[in-house]
Amino acid sequence: MFDFDGKVRGSGSRVDLSGRGRKGPRQAPEESRSDFVKRQHQEREARERKRIREAASRHIQAVYRGHRCRRAQQAEKRQVFDKRYADISKVSGVLPAPQKAKFVFQLLVPMLRLFAFFFRKDQDEERLLAMAELVHFSSTQAESCNFLRIFLMDESQLPKDSSRQGALSLLEKLFWALLSCQRNVDVLKLLKAVQQALFSPSPDYKPLGSISGAVVAHLLRRTPIFQVLPPLCQSGQLLQAADVVLLMCSGLEAVSLETVEASLRTRQELLTELLSTPNLVEALCKDLSHPIAVASLRRLSSLLVHTAGVLATKERPTAAPLLVNIATLLERFALKMTSPAVCVGAELLALLTWLSWAKESLSGEEAKPGSATLARLHRGSFVRTLLSAVGGSSREDVLLAVCRLYFAPSSGAESEVDPPLEVLQTLAFATPLAERLFPSFHGLMRNRSTEAIFQALQPPSLANAEAIRLRVFCCVYAVQLQPMYDYEFFGEANPLRLEEVKELLPFLNRLAYHFVTAMPDQASLLPAAKALRTSLTSLINLLYHRHQRRPILDSDHDWILPESRTLLRRAPSALNLGTALGVPETEEAEDEPEAMEVDESGEMGEFPEARCVGSSATSSVALAEKALQAVLAEMPHVLPFEDRVSILHNAILADQDQRRAFRGPWGLSTLDKRQIRRNHLVDDGIAAFEGLDEAALRDTFRVEFVAPDGTLESGVDGGGLFKEFMIHICREMFDPEFGLFRATESHSLYPSSEAFTQFPQAADLYIFLGKVVGKAIYEMILLEPQFSRVFLNRVLGRINEVDDIASLDKELHRNMLQIKECPDVEALGITFSISVTEKGMHKDINLIPNGSNTPVTRENLTRYLHLMANYRTNIQFQRHTAAFLSGLQKVIPVTWLKMFDPYELNTLVSGDLRETGFDVADLRANTVLSGGYEEDSPCVRWLWRLLQEELGAEDLGRFLMFVTSCSRAPLLGFKNLNPKFCVHRVPDGERLPTSATCANLLKLPDYTSYQSLKTKVLQAIRAEAGFDLS
């Protein structure tokens, strides 16, 4: 016996439970617990695999046995079918027509049951044709013997063992068989029979019973019956196609399920499948004089109206033909054949809703701009026809539907794009869309915060009704403004009144700023949001550029947003402006970037993204930097000009600091001096710059002047001689007498059209001047030339508009306006060509192909004026600007300058152009006195008196040139002059004043009288003798 420990009590023999006796070979060592568990697991898996194989084997055997049994039964039923069909054929030949019809009617249901049981496509096609022929024969007989009339009979009249539901199932199987065998002709015959049996004669086709439409609805839902339509459309069988469409419409109208919503949704899905037939509506519209065609189109329109409210959101693979069919129905039927009062109401809204749904369902190549499908919507005739109807509608929902059609994103589109220009132009000039849309979001502008308005647009998608309306307005109004002259903008030609524009601008400005700062990363925006942002900022910039020519708002300060200063306080001082200058990589400082100093005056708005981040100061700085970069790129005008100059200068200083090995005091001794002969300034200047690569152009440039007699001038270049060199070379090369530039009436410069004829190396000269201007900006040196707005627009990559030509030639601009208002343009004899002068010879340039032979008429006058202005302001200086820009970008990226408008860029290059020279009070407040001079010293008081009361603008410029080597006041005032302006006392009262331009130091002798000081100072500054004066 065993005890509780499993041991054997007593002296009896032990039992070996493994089945092996004690005698025999030596036993193997016992397996471990883990090996035992592993072996048990493997055995269990093997048993499970065996069980699955056996179960699968039994199932396969059962299926195979069932298949063989079914095949055997089908073979038997085929024999029965063949025998009965032979009997029918045999008896039919001897029976009179009434008895034959009744005989076939009685056997038709059993025959259809047999056929439905055994039918196989590859074996029974002949039997299928025979069965279809019997059904068609029965459908031509009297009501009591017509198989298709079963659906209209009372229960007592039905054949034995038959029911309407059973007959419907058998009819469905017959249609399935015919469709699977591509027997479309027989399907059409059978459909025609159904139509004749269950509906009244054409063109009304009213159902003869309550179940008539349900029969067709059942076939539409259970069979691919729509496949019979494409061959009819391709072959041009209009009437037959219209008949089939009418029958299918009857079926769609009769769809009835458990709920109304389910019925409508099923009806909509079937209608979508019907209208996905390629060219269906095009075929039906070929003969609108036929009643059947008109009836079919009217029924389709009615179904579209009733199902527009339950459109499914899922994508449709057949969206392209669906869109084309609905667009054709709208253009060629709904807007022409129905009354305008009807079409501009519910019917137009429903068709627009369907069109938008089909467009948004496009995917792949169909969703891309320029696809044939979208071209159908963008065709000018369609747009004009549609918008002429919309223009007469006062319904807000119809207007929104048009906006959604052309501006809502497609689900398959990778990026959102605006409609083609032709569509935008039609929307802009053929309809009062801007005037209609402006009141629709007018309520947004009043009594709501900018953040509340932005949230009403539902970020981040920004694709709701309000957002779409706003985007449409911005796009359309921008197109209207582009060809509009300034006098028209301020007159009656503007779709909006000037008061409305003044109300609109601050609203758009603040909304765009909030958008840009709240969602600064444009790459992460959804397509609709990106499109809205682009259209919004584009319209604002368009209006801002027009404001620069002629003020729209009362002051330039009205464009500046005080809350934008918050970004400056949060962002790092050395902002990354987007394009590196190719400096060597350096380790980032561990300390947090120092915030830029700004004026604390003004309202400080909350930075939108501050709420979206944690307490990390680094994250806040990074977000502020990204937001500020977006603002500077898209709408820089919201920041004061002085702050943007500080941003640029800080970026330049950061770059210079990384080049301190060649720019610091210890690096100056290693730099070669560039000898510049004063009587060969241009040649030596070009030679000095020519050998410098992009990195060397940004290093310190040391100059040593050579006098006309060949001797070196005294003085060491600590920066002053280089500034003097820059000033003098610009004076010479930008002089209109030199030939590279011309001057306008306001003395602003633009490239000479004859420069490339006069100078063989003109491109190199423009490149050199681009380097000079770029170097001046990089070194923060102010030059004297003033450039035309037209030229600077091209430098900044902007396209000049028609009214910009006034900044080049005011007389030409006046002539253009006179031609525009001329009642008889043809009498002027103008052609699409323009006359230019090259090498003293007049030459005609065609503005269009064969332009010299194309007369200007009233119809094409607007095009002529824009082409001429485009040539004068954009094309004519293309080579000049490209060369100049090439040189400029070797020193400083043009992207750094795009935060400025042309007027501001002029100020950045040339400083303040006030006729008063400079602000003497500002200079006095930022002047250091040394050598014994004090504020109440007589010479100091006489100096300020001379500058304030005696000197004109020209002499003030000479005075600054004498002391600082620059005739312009510092861009941001004398507080930014480095080193500070200093007046140093010289004990000798007989000497002339001297200067150290590298230190901005005026060495003023201690004169004994005001008249002596005045005489000596004027003699010194007018001599322009440089260091030799010492």
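Residues numbered from 1 in each chain as written. Predicted model: local features only at pLDDT ≥ 70, side-chain atom pairs only at ≥ 80, totals over all residues. Heavy atoms only, no water.

## Considering the overall build of the protein
Phase 1 of the analysis: Along the backbone of the protein there are 42 helices and 10 strands.
Phase 2 of the analysis: A buried classification covers 49% of the 1030 residues belonging to the protein.
Phase 3 of the analysis: The contacts in the protein between residues at least 6 apart in sequence include a share of 71% that link residues at least 24 apart.
Phase 4 of the analysis: Carbon and sulfur atoms make up 50% of the accessible area of the protein, which amounts to about 49700 Å² in all. (Helix = DSSP H or I, 4+ residues; strand = E, 2+ residues; numbered from the N terminus. Buried < 20%, exposed > 50% of the residue type's maximum accessible area, 1.4 Å probe, protein only. Contact = heavy atoms within 4.5 Å. Areas by Shrake-Rupley, 256 points an atom, 1.4 Å probe, with all protein chains shown as cover.)

## Some remarks on unusual backbone geometry
Phase 1 of the analysis: Cis geometry marks the peptide bond from Pro459 to Pro460, where omega comes out at 5°.
Phase 2 of the analysis: Structurally, Pro460 is set in the loop between α19 (450-456) and α20 (465-481).
Phase 3 of the analysis: Its identity as a non-glycine residue notwithstanding, Gln182 has a phi of 60°, on the positive side.
Phase 4 of the analysis: Among the structural elements, Gln182 can be located in the loop between α4 (164-180) and α5 (184-198).

## Some words on the UniProt feature "active site" (unreviewed entry) in the protein
Phase 1 of the analysis: Taking the UniProt record as the reference, the feature "active site" (unreviewed entry) is found at Cys998.
Phase 2 of the analysis: Among the structural elements, Cys998 can be located in the loop between β9 (994-996) and β10 (1001-1005).
Phase 3 of the analysis: When its relative accessible area of 33% is taken as the criterion, Cys998 is described as partly exposed. (UniProt positions renumbered as here; feature names shortened; annotations may be inferred.)

## Some thoughts on the pairing of β10
Phase 1 of the analysis: Where burial is concerned, most of β10 is hidden: four out of the five residues are buried.
Phase 2 of the analysis: By the bridge criterion, five bridges tie strand β8 (residues 981-986) to β10 in an arrangement that is parallel. When the bridges of β10 are listed, Val983 appears paired with Leu1002.
Phase 3 of the analysis: In this structure, β9 lies alongside β10, joined through three bridges in antiparallel fashion. Note on β10: the bridge partner recorded for Thr994 is Lys1003.
Phase 4 of the analysis: Taking the residues that link successive antiparallel strands as the turn, the β9-β10 hairpin has four residues, and the phi of Asn1000 there is positive, at about 55°. (Pairing = 2+ DSSP bridges.)

## A word on the packing of aromatic side chains
Phase 1 of the analysis: All chains considered together, the criterion is met by 33 aromatic pairs.
Phase 2 of the analysis: Note on Phe741 and Phe791: the rings are 5.8 Å apart at their centroids and 80° apart in plane angle, and the pair reads as edge-to-face. Residue Phe741 is located in strand β3 (residues 741-743), and its partner Phe791 is located in helix α34 (residues 789-795); the two are separated by 50 residues in the primary sequence.
Phase 3 of the analysis: Accessibility expressed as a relative area gives 2% for Phe791, which makes it buried.
Phase 4 of the analysis: For Arg945, the ring lying beneath its charged end belongs to Tyr1010, and the centroid distance is 3.9 Å. (Phe/Tyr/Trp six-rings, centres within 6.5 Å; stacked < 30°, edge-to-face > 60°. Lys NZ or Arg CZ within 6 Å of the ring centre and 35° of its normal.)

## Some points on the sheet that holds β9
Phase 1 of the analysis: Spatial ordering of the open sheet is given by β7-β8-β10-β9, a layout of four strands whose pairing is mixed. In this open sheet, the two strands that pair with only one neighbour each are β7 (927-930) and β9. Across this sheet, the average inter-strand angle for adjacent strands is 25°, counted without regard to direction.
Phase 2 of the analysis: Docked against the sheet, helix α40 (residues 938-950) engages β7, β8 and β10, running at close to 115° with respect to β10. (Axes fitted to C-alpha atoms, helices over the stretch in contact; angles between N-to-C directions.)

## A closer look at the packing of helix α17 (residues 421-429) against α20
Phase 1 of the analysis: Closest axis-to-axis distance for the α17/α20 pair is 9 Å, and the angle between their directions is 85°. By the criterion of interaxial angle, the relationship of α17 to α20 is roughly perpendicular. Here Leu424, Gln425, Leu427, Ala428 and Phe429 of α17 lie close against α20, whose contacting residues are Cys475, Val476, Val479 and Gln480.
Phase 2 of the analysis: A class-by-class count of the residues in the contact of α17 with α20 yields seven nonpolar, two polar and no charged. (Parallel < 35°, antiparallel > 145°, perpendicular 65-115°, else oblique. Nonpolar A, V, L, I, M, F, W, Y, C, P; charged D, E, K, R; others polar.)

## Topic: the pattern of salt bridges
Phase 1 of the analysis: Enumeration according to the criterion identifies 42 salt bridges in this entry.
Phase 2 of the analysis: Its salt-bridge partner being Arg678, residue Glu724 comes within 2.9 Å of it at the nearest N-O pair. You can see Glu724 sitting in helix α31 (residues 720-733) and its partner Arg678 sitting in the loop between β1 (673-677) and α29 (681-690), a full 46 residues away along the chain.
Phase 3 of the analysis: Classification of Glu724 by relative accessible area gives buried; the value is 10%.
Phase 4 of the analysis: A residue is classified by how much of its surface remains accessible, and Arg678, at 27% relative accessible area, is partly exposed.
Phase 5 of the analysis: A cluster of three or more residues bridged by salt bridges with shared partners is formed by Asp486, Arg546, Arg549, Arg789, Glu801 and Asp804. (Salt bridge = Lys/Arg side-chain N within 4 Å of Asp/Glu carboxyl O.)

## Description of the nonpolar core
Generally speaking, nonpolar side chains in soluble globular proteins are found buried as a group.
Phase 1 of the analysis: Core analysis: the largest hydrophobic core is formed by 258 residues, its most contacted members being Met131, Phe147, Leu330, Tyr406, Phe473, Leu648 and Phe725.
Phase 2 of the analysis: Examining the composition of this core, we find that 12 residues originate from one element, α20, more than from any other.
Phase 3 of the analysis: When residues no more than four places from it in sequence are discounted, the contact partners of Met131 are Phe81, Leu108, Met111, Leu112, Phe115 and Leu174.
Phase 4 of the analysis: Counting 31 residues, the second-largest nonpolar core is a separate cluster that includes Tyr933, Leu947, Leu1013 and Leu1018. (Core = buried A, V, L, I, M, F, W, Y, C linked by side-chain atoms within 4.5 Å.)

## Some details on the packing of helix α2 (residues 97-118) against helix α3 (residues 125-139)
Phase 1 of the analysis: Look at α2 against α3: their axes get within 10 Å of each other, and the N-to-C directions meet at 145°. The crossing of α2 and α3 is left-handed. In this structure, α2 uses Lys100, Ala101, Val104, Phe105, Leu108, Met111, Leu112, Phe115 and Phe118 to contact α3, whose residues at the interface are Arg127, Leu128, Met131, Leu134, Val135, Phe137 and Ser138. (Left-handed = near helix turned anticlockwise from the far one by under 90°.)

## Examining the environment of Ser746
Phase 1 of the analysis: In this structure, Ser746 sits in the loop between β3 and β4 (749-751).
Phase 2 of the analysis: Residue classification places Ser746 among the exposed positions, given a relative accessible area of 52%.
Phase 3 of the analysis: Along the primary structure Ser746 and Ser807 are separated by 61 residues, whereas in three dimensions their C-alpha atoms are 8.3 Å apart.
Phase 4 of the analysis: Within polar-contact distance, the side chain of Ser746 engages the side chain of Thr744 at 3.1 Å. (Polar contact = N/O pair within 3.5 Å; in protein donor to acceptor, adjacent residues only side chain to side chain.)

## Details of the side chain of Ser748
Phase 1 of the analysis: Mapped onto the elements of the fold, Ser748 is located in the loop between β3 and β4.
Phase 2 of the analysis: Note on Ser748: relative accessible area 10%, which makes it buried.
Phase 3 of the analysis: At a separation of 2.8 Å, a polar atom in the side chain of Ser748 contacts the side chain of Thr744.
Phase 4 of the analysis: If we skip the residues at most four places from it in the chain, Ser748 touches Arg742, Ala743, Gln786, Phe787, Ser788 and Ser807.

## Observations regarding a negative patch on the surface
Phase 1 of the analysis: A cluster of like negative charges, contributed by Asp683, Glu732, Asp735 and Glu737, occupies part of the molecular surface.
Phase 2 of the analysis: Along the chain, Asp735 turns up in the loop between α31 and β3. (Patch = residues over 30% accessible without salt bridge, like charges linked within 9 Å, V, L, I, M, F, W, Y side chains within 5 Å. Lys, Arg positive; Asp, Glu negative; His and termini not counted. Charge placed at Lys NZ, Arg CZ, Asp CG, Glu CD.)

## Digging into the confidence of the model for the protein
Phase 1 of the analysis: On average, residues of the protein score 83 in pLDDT, and 87% of them reach the 70 mark or higher.
Phase 2 of the analysis: Note that pLDDT drops below 50 for residues 583-615; the model gives that stretch 55 contacts with residues more than four away or on any other chain. (pLDDT = per-residue confidence, 0-100.)

## Concerning the environment of Val621
Phase 1 of the analysis: For Val621, the position within the fold is in helix α25 (residues 617-634).
Phase 2 of the analysis: The spatial distance from the C-alpha of Val621 to the C-alpha of Leu567 is 9.1 Å, given a sequence separation of 54 residues.

## Examining the environment of Thr831
Phase 1 of the analysis: Relative to the helices and strands, Thr831 resides in the loop between α35 (810-821) and β5 (833-838).
Phase 2 of the analysis: For Thr831, a relative accessible area of 21% translates into the label partly exposed.
Phase 3 of the analysis: A C-alpha to C-alpha distance of 9.0 Å links Thr831 and Thr857, two positions 26 residues apart in sequence.
Phase 4 of the analysis: Contact partners of Thr831, with chain neighbours within four places excluded, come to Gly851, Ser852, Thr854, Pro855, Val856 and Tyr864.

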